[in-house]
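An overview of the molecular structure
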Amino acid sequence: MSHKELPKTYDFAATEESLYQWWWERGYFKPSNDPANPDFDPDHTPYVISIPPPNVTGELHLGHAMFVSMEDLMIRYHRMKGIPTLWVPGTDHAGIATQMVVERSLNAEGIRRESLGREKFVEKVWEWKKLYHDRISKQIRRLGASCDWDRERFTMDEGLSRAVREVFVKLYEDGLMYRGPRIVNWSPKLQTAVSDLEVEYSEEPGFLYYFKYMLADGSGEYLPVATTRPETILGDTAVAVHPEDERFTRFIGKEVVVPITGRVIPVITDEYVDREFGTGAVKITPAHDPNDYKIGLNHNLPMINIMTQTATINEEGAPYTGLDRFECRKKLWADMKEAGLVIKEEPHKLNIPRSQRSGEIIEPMISTQWFARMQPLADLALEAVRDGRIKIIPEHFTKIYYNWLENIQDWCVSRQLWWGHRIPVWYCAECGEMTVSRTDIDTCPKCGSKAIEQDPDVLDTWFSSWLWPFSTLGWPEKTPDYEYFYPTTMMETGYDILFFWVARMIMGGMYFTGKIPFSQVYLHGLVRDEHGKKMSKTKGNVVDPLTVMDELGTDALRFPLLVGSTAGNDTNLSVKKVEANRNFANKLWNAARFVISSLEKAPEVPLSDELQPTLADTWIWARLQALIANVERLFGSHQYGEAGRQIYDYFWSEYADWYLEIAKIQLASGGDTAFHTAKMLVRVLDTCLRLLHPFTPFVTEAIWGHLKEAASDQSDQFAPEGGWEEALIIARWPVAEEKQDADDPAIADMLQLQDVIRAIRNIRTEKNVKPGKRIPAILAASEKAALFREQREILSVLAYLDPETLQITEQTFEKPEDTISTAVSGIGIFLKIEETVDKAAESERLKKELAEVKSQIIRLEKLLNSAFAEKAPAAVVTGEREKLEKYQTTAENLQAQIDSL
RNA sequence: GGGCGGUUAGCUCAGUUGGUUAGAGCACAUCCCUUACAAGGAUGGGGUCGCAGGUUCGAGUCCUGUUCCGCCCA
């Protein structure tokens, strides 16, 4: 029976899309145990991941490729283990980011958001959402994501919006949601408040300005004060000194005059003042500095907001009203200089707060906003990790997690934007009362007036994200999905959003559902360029996953992301790495091509029931069992990269490099050996494909399909135990055989055979023997002679020896004339090449080899004579002793060879 | 200022219960288009694992201190 020949190169472009389609249509992405089905079994524990929802208007980048690859690996692995798996996909409305993108595009058309009006603008964003949602979700699919798309969610879906409202109202009812004027991080460009987490600090050069705070008593005395932001002088309401700072004792309780404005403010004392910094006396601007704000509260100081929402000076800052904050800084300083109030200015490194989204400098300001009181939630979240109900991987992030939660601040959740969840609060113009409601209202429940208006603000994007693991499953309804799939199992995401998202999800999950939202957190690192630099468009070092997938295939992109990374560590990616893995996919393809084409060379059934495995068979099978066991152990401890690497190495440097070559010989010998070899080829390839499938789903599924077809056409005895499954994606995960002979002598024998073959190849290369030339050889193999006689065909084929004249003897230390010799692993090797032997040079070479071997002997003798021999475990000692014996035989061989020159 | 991570071959990185001449990919050198694969094969050169101590029969692997780099928090 002949099979259609597979192409010489793996054509991923022709494979990936149709395979993905097929998987989806066959329903493999759906949980195998689904509450929606009649045969549902609620006791069968599922494995569940909620996807970190990508920004709906975002373009696919390597960060997405990273988490999709990682999570798909976890899902596919568990699916193959027969566990019901659910991966819930979805997208995020990403308030500020999306609004900015849409606004920018409208601006390009000459349309301003304000002129469009809120309703029209939001409509536009929804149009965008529709358009870009399709793009991003298609791109996620391209990566191979085996999500259940029927369960896809969007953070502004009706259901999720209901969850958001429920949570807001619940927090309000519990006294954990409050509204009021507080100091917030104000973004003058976006004209909204942002949370502490959305502020990034960057060290930038600036100045420290020293000036005089004149005493109000007209004495002409002054307090020297330093500031980095002179414009805030306009809002000063006190000058503070340390209570124990003797330099300033006499000023305490007196009054000083605010420069230019002439306001009179007190000199106060506070422990918070750092005596070492600046002059030791600090100006206090409670309305524009978070630390000053606290002092202001403690001392009951007035809070004077001197800026408008665009950070220009307001009427409180007269005569600078209307100036931009930085222009004001210059003008005020110049005026002060003129007034003789300036002492000096010196260069100073500043820690500038900038908006994470827009990059501009954040202005701390007093503003009326909604805040969530997080302390009670944080306590629950701390407990859940402390008592081990939630495990963070890698572990060292737990400390960072604790540290943040132990210092939790209230969360400013309102945003002055148009795109997002509207705050469910109504204000009555008549009675002035405020109503917080789960449903929309048009009448004031307090006074019955119709003159009510909903709060114009929306909620922080993360206010919907933190509910994601349960809101996507139907919460607050107790849906069958929620009941079965919640709590989820694994939260896999980047460590950069540990606080933004993970910690808040744990807080939210614990508080609102009373359960942990997931039991494990796996934090992956960031993907950087090949030199560890952050990828950015301006640097031009961005690797575009779409281009890479077009050119090299999805599997080629996924593999280095998975294998090149360890939990919590950043990973560097270059196109070169992807190429290397495209090559691996092609290697897989070609090995499979060989296996498939070999099948028909073997008989369909063996003649005898007792199949004698060859040395190579025993070896490759034992190594495979060890591999399976290792992969299982590594997956269990989340060392996915190491697992992938080991499969890669086994496949390429053991199965392909050695077993396939030996198989060619075994197949040629026909009969039962050929049958057994074919079966072994299939069994090992099949197992490798299973192990690799979570990493590289497409190429493995494609090959597996061909293998299954060819193997079942040839013989039903090639099938795996339990038969061929319908598809690799749902095929059984390999389980290592219980009996594992790690020290099966076949393994050591095979290694010795490989050593000898390598040594011969080495000499051939060194002596420039033509690669195809068969040369006569003698092996002095002492007690291993039988082994090498048995393997003489493999030996002669793989080392290109002349089988006619190959001699294998128990012992011949004497070197025959005109041979090049060496010894390795206790075996003496004599090769006849057609070149006259330069005895002096040979002697030189052999002496060098002998010296090397002798140094090893000395090392091992010393080791075995030390305390090592008694204290180390017996197996380790025996291993070293055996090594020593081999070196000794090798040395004897070499010495004899030198002597006979 | 506090905390965390990294420091291993020319480059990018693995190396998780400490086991005794340290691994991969890429790059480099020589040879080979041999009927699975030139996106390949064979062979080779190249690190003593940032530094200094310590624990141990034995340390890249554990402990202490420290350099430099990066990150987070304040």
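Residues numbered from 1 in each chain as written. Chains lettered and ligands numbered in written order. Predicted model: local features only at pLDDT ≥ 70, side-chain atom pairs only at ≥ 80, totals over all residues. Heavy atoms only, no water.

Moving on, we come to the overall build of chain A. A tally of regular secondary structure across chain A gives 27 helices and 29 strands. Projected onto its principal axes, the C-alpha coordinates of chain A cover approximately 115 × 70 × 55 Å. Scored against the burial criterion, the 901 residues of chain A give a buried share of 54%. Here chain A holds 103 positive side-chain charges and 135 negative ones, and the gap between their average locations is 3 Å. (Helix = DSSP H or I, 4+ residues; strand = E, 2+ residues; numbered from the N terminus. Buried < 20%, exposed > 50% of the residue type's maximum accessible area, 1.4 Å probe, protein only. Lys, Arg positive; Asp, Glu negative; His and termini not counted. Charge placed at Lys NZ, Arg CZ, Asp CG, Glu CD.)

Next up on the list: the protein's contact with RNA strand B. Around RNA strand B there are 48 residues in total, and Asn572, Arg645, Arg859, Phe868 and Tyr887 lie nearest to it. The separation between a phosphate oxygen of RNA strand B and a polar side-chain atom of lysine 8 is 3.4 Å. Asparagine 762 has a polar side-chain atom sitting 3.5 Å from a phosphate oxygen of RNA strand B. Those elements that place two or more of their residues in the surface near RNA strand B are helix H17 (575-599), helix H19 (640-668), helix H22 (745-766), helix H25 (839-864), helix H26 (868-871) and helix H27 (874-899). With 11 residues, H17 is the single largest residue contributor to the surface near RNA strand B. Among the residues forming the surface near RNA strand B, the class breakdown is 16 nonpolar, 14 polar and 18 charged. (Near = heavy atom within 4 Å. Polar contact = N/O pair within 3.5 Å; in protein donor to acceptor, adjacent residues only side chain to side chain. Nonpolar A, V, L, I, M, F, W, Y, C, P; charged D, E, K, R; others polar.)

This part takes up the pairing of strand E9 (residues 238-241). Where burial is concerned, the two faces of E9 agree: the one with Ala238 and Ala240 and the one with Val239 and Val241 are both buried. For E9 and strand E12 (residues 281-284), the ladder comprises 4 bridges, and the chain directions are antiparallel. Counted as the bridge partner of valine 241 is alanine 281 from E12. As paired elements, E9 and strand E11 (residues 264-269) share 3 bridges and run parallel to each other. In the sheet register, valine 241 faces E11, and the bridge partner there is threonine 269. (Pairing = 2+ DSSP bridges.)

One can find tryptophan 704 in helix H21 (residues 697-714). By relative accessible area, which is 1% here, tryptophan 704 ends up buried. Remark: the alpha-carbon pair of tryptophan 704 and arginine 504, spanning 200 residues in sequence, is separated by 43 Å. Sequence-distant contacts of tryptophan 704, that is, excluding residues within four places in its chain, are made with Asp686, Leu689, Arg690, Trp724, Glu725, Glu726, Ala727, Leu728 and Ala731. (Contact = heavy atoms within 4.5 Å.)

Right, let's get into the sheet that holds strand E20 (residues 452-454). Strand pairing in a sheet is mediated by backbone hydrogen bonds. Such pairs are either parallel or antiparallel. In space, the 3 strands of this open sheet follow the order E19-E18-E20, with antiparallel pairing throughout. The open sheet is flanked by strand E19 (434-436) and E20, the only strands paired with a single partner. Direction aside, the axes of adjacent strands within the sheet are offset by 25° on average. With 3 bridges connecting them, strand E18 (residues 425-428) and E20 associate as antiparallel partners. Pairing of tyrosine 427 across the sheet is with glutamate 453, part of E20. Across the face of the sheet, helix H6 (residues 158-173) comes into contact with E18, E19 and E20 while running at roughly 125° to E19. (Axes fitted to C-alpha atoms, helices over the stretch in contact; angles between N-to-C directions.)

Sheet architecture is open: 4 strands sit in the order E6-E5-E14-E16, paired in antiparallel fashion. Each edge of the sheet is formed by a strand with only one pairing partner; in this case those strands are strand E6 (192-194) and strand E16 (411-412). The pairing of strand E5 (residues 177-187) with E6 spans 3 bridges and is classified as antiparallel. Bridging across to E6, serine 187 finds its partner in threonine 192. This element, helix H7 (residues 290-299), spans E5 and strand E14 (363-372) of the sheet and lies at about 140° to E5.

Before going further, it helps to spend a moment on the packing of helix H15 (residues 545-552) against helix H16 (residues 554-563). Two elements in contact, H15 and H16, have axes separated by 7 Å at closest approach and are oriented at 120°. Classified by the interaxial angle, the pair formed by H15 and H16 is oblique. Seen from H15, the contacting residues are Pro545, Val548, Met549 and Leu552; seen from H16, they are Thr554, Ala556 and Leu557. Of the residues belonging to the contact of H15 with H16, the class tally is 6 nonpolar, 1 polar and no charged. (Parallel < 35°, antiparallel > 145°, perpendicular 65-115°, else oblique.)

So, about the confidence of the model for chain A. Residues with a pLDDT of 70 or more make up 99% of chain A, whose mean pLDDT is 89. Scored as a complex, the prediction yields pTM 0.91 and ipTM 0.95. (pLDDT = per-residue confidence, 0-100.)

Here we come to the packing of aromatic side chains. Two aromatic rings, taken as a pair, are described by how far apart their centres are and by the angle between their planes. Evaluation of the coordinates by the stated rule reveals 52 aromatic pairs. Measuring from centroid to centroid gives 5.3 Å for tyrosine 10 and tryptophan 589, while their planes differ by 40°, and the two rings are tilted. Of the two residues, tyrosine 10 is situated in the segment before helix H1 (12-25) and tryptophan 589 in helix H17; the sequence distance between them amounts to 579 residues. Note that lysine 212 overlies the ring of tyrosine 222, its terminal NZ or CZ placed 5.0 Å from the centroid. The aromatic ring of tryptophan 411 is capped on one face by arginine 504, whose charged end is 3.9 Å from the ring centroid. (Phe/Tyr/Trp six-rings, centres within 6.5 Å; stacked < 30°, edge-to-face > 60°. Lys NZ or Arg CZ within 6 Å of the ring centre and 35° of its normal.)

So, about the pattern of salt bridges. This model, assessed by the stated rule, comprises 51 salt bridges. Note that lysine 30 and aspartate 150 form a salt bridge whose closest N and O atoms lie 2.8 Å from each other. Separated by 120 residues along the polypeptide, lysine 30 in the loop between H1 and strand E1 (47-50) and aspartate 150 in the loop between helix H5 (118-142) and strand E4 (153-154) bring together distant segments of the chain. Taking the shortest distance from any N to any O, the salt bridge between arginine 438 and glutamate 166 comes out at 2.7 Å. Here the residue arginine 438 occupies a position in the loop between E19 and E20, and glutamate 166 occupies one in helix H6, the gap between them amounting to 272 residues. Beyond isolated ion pairs, a larger network of salt bridges with shared partners links Lys30, Asp34, Asp148, Asp150, Arg151 and Asp481. (Salt bridge = Lys/Arg side-chain N within 4 Å of Asp/Glu carboxyl O.)

With that out of the way, let us pick up the nonpolar core. Formed by 208 residues in total, the largest nonpolar core has its most connected members in Phe463 and Tyr655. The biggest single contributor to this core is H19, with 13 residues. Other than its neighbours up to four places away in sequence, tyrosine 655 contacts Val595, Ile620, Tyr650, Leu660, Leu681, Val684 and Leu685. (Core = buried A, V, L, I, M, F, W, Y, C linked by side-chain atoms within 4.5 Å.)

Moving on to the side chain of serine 146. Tracing the backbone shows serine 146 in the loop between H5 and E4. Take serine 146: its relative accessible area is 0%, and that puts it in the buried class. A polar contact of 2.7 Å, which involves the side chain of serine 146, links it to the side chain of aspartate 72. Filtering out sequence-adjacent residues up to four positions away, serine 146 remains in contact with Phe29, Asp72, Ile75, Arg76, Arg79 and Trp87.

In this fold, glutamine 752 is placed in helix H22. A distance of 2.9 Å separates the side chain of glutamine 752 from the backbone oxygen of serine 825, its partner in a polar contact. Leave out the neighbours within four places in its chain, and glutamine 752 touches Lys784, Leu787, Phe788, Ser825, Ile827 and Lys886.

Per the counting criterion, the structure on display carries 0 disulfides. Not engaged in a disulfide, the cysteine cysteine 431 finds its nearest cysteine sulfur in cysteine 444; these two sulfurs lie 3.6 Å apart. On the basis of relative accessible area, cysteine 431 is assigned to the partly exposed category, the value being 33%. (Disulfide = S-S within 2.5 Å.)

On to the environment of leucine 60, then. Here leucine 60 shows up in the loop between E1 and helix H2 (62-80). For leucine 60, a relative accessible area of 3% translates into the label buried.

A few words now on unusual backbone geometry. The step from isoleucine 393 to proline 394 runs through a cis peptide bond, and the omega angle for that step is 0°. Structurally, proline 394 is set in the loop between strand E15 (391-393) and helix H10 (397-406). Backbone geometry places alanine 311, a non-glycine residue, at a positive phi of 65°.

A separate point is the environment of alanine 622. Mapped onto the elements of the fold, alanine 622 is located in helix H18 (residues 615-636). By relative accessible area, alanine 622 is classed as buried at 16%. For the pair formed by alanine 622 and alanine 746, sequence separation is 124 residues and the distance between their alpha carbons is 8.8 Å.

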